[in-house]
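Observations on the three-dimensional arrangement
Single-letter residue listing:
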Amino acid sequence: VWDCAAHYLAAMCANLVLTVSPQRIVLSGGVMLRASLFPKIRQRMVTYLNGYIPVAAATDAAAAATLIVPSRWGNNAGIVGALTLASDALGGGSPTPAPRKAVLAAVACAAG
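Please read all numbers here as calculations on a predicted model, not as lab measurements. (Residues numbered from 1 in each chain as written. Predicted model: local features only at pLDDT ≥ 70, side-chain atom pairs only at ≥ 80, totals over all residues. Heavy atoms only, no water.)

1. Describing the pattern of salt bridges
Note the threshold: For this document, the term salt bridge refers to a Lys or Arg side-chain nitrogen within 4 Å of an Asp or Glu carboxyl oxygen. Numbering goes from the N terminus for both helices and strands, where a helix is a DSSP run of H or I of at least four residues and a strand is a run of E of at least two. Buried means the residue's accessible area, taken with a 1.4 Å probe over protein chains only, is under 20% of the maximum for its type, while exposed means over 50%, and partly exposed covers the values in between.
Enumeration according to the criterion identifies two salt bridges in this entry. Across the salt bridge formed by Arg44 and Asp3, the nearest N and O atoms sit 3.6 Å from each other. Pair noted here: Arg44 is in helix H2 (residues 37-49) and Asp3 is in helix H1 (residues 2-20), with a separation of 41 residues, a long-range link. Residue Arg44 is classed as partly exposed on the basis of its relative accessible area of 25%. By sharing partners, the salt bridges in this structure join Asp3, Lys40 and Arg44 into a single network.

Written out as structure tokens, the structure is:
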């Protein structure tokens, strides 16, 4: 089961690298709580790219650890993103460090 998930997530990451050349790919959500998926995803992405992109993070699984990372918000990434978008929509702009504390407090309350 986890090899199948790693395959599809690695294919997605490889496609992202090829199409938009991201500086970082942040993965989160319930499936990503299984930390053992990250090394599998990184290794498979490197295998799928097969040296096509001459960038260390795309040619070496250890270097890919800087490209494919877990969200620092953990499983709360969705709610934090929603609250950030709401703050932007209300004219608050992107949260600075002080408002992020308020966002985290809201997430803590929402998570129970």
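2. Some thoughts on H1
Worth spelling out the cut-off: A helix's residues, less one, multiplied by 1.5 Å, set its expected span. What the arc describes is the spread of directions from the helix axis to the C-beta atoms. We call two residues in contact when some of their heavy atoms are within 4.5 Å.
Taking 1.5 Å per residue, 19 residues should reach 27 Å; H1 reaches 26 Å between its end C-alpha atoms and fits that length. Taken together, the buried positions of H1 are Ala6, Ala10, Cys13, Ala14 and Val17. In an axial view of H1, the angular spread of the buried residues amounts to 100°, which keeps them on one side of the axis. What points out from H1, more than 90 degrees from its buried face, is the exposed set Tyr8, Thr19 and Val20. The inward-facing, buried residues of H1 abut strand E1 (25-27), H2 and strand E2 (68-70). Once H1 ends, the next one or two residues include Ser21, with phi positive near 45°.

Read these as geometric descriptors, not functional statements.
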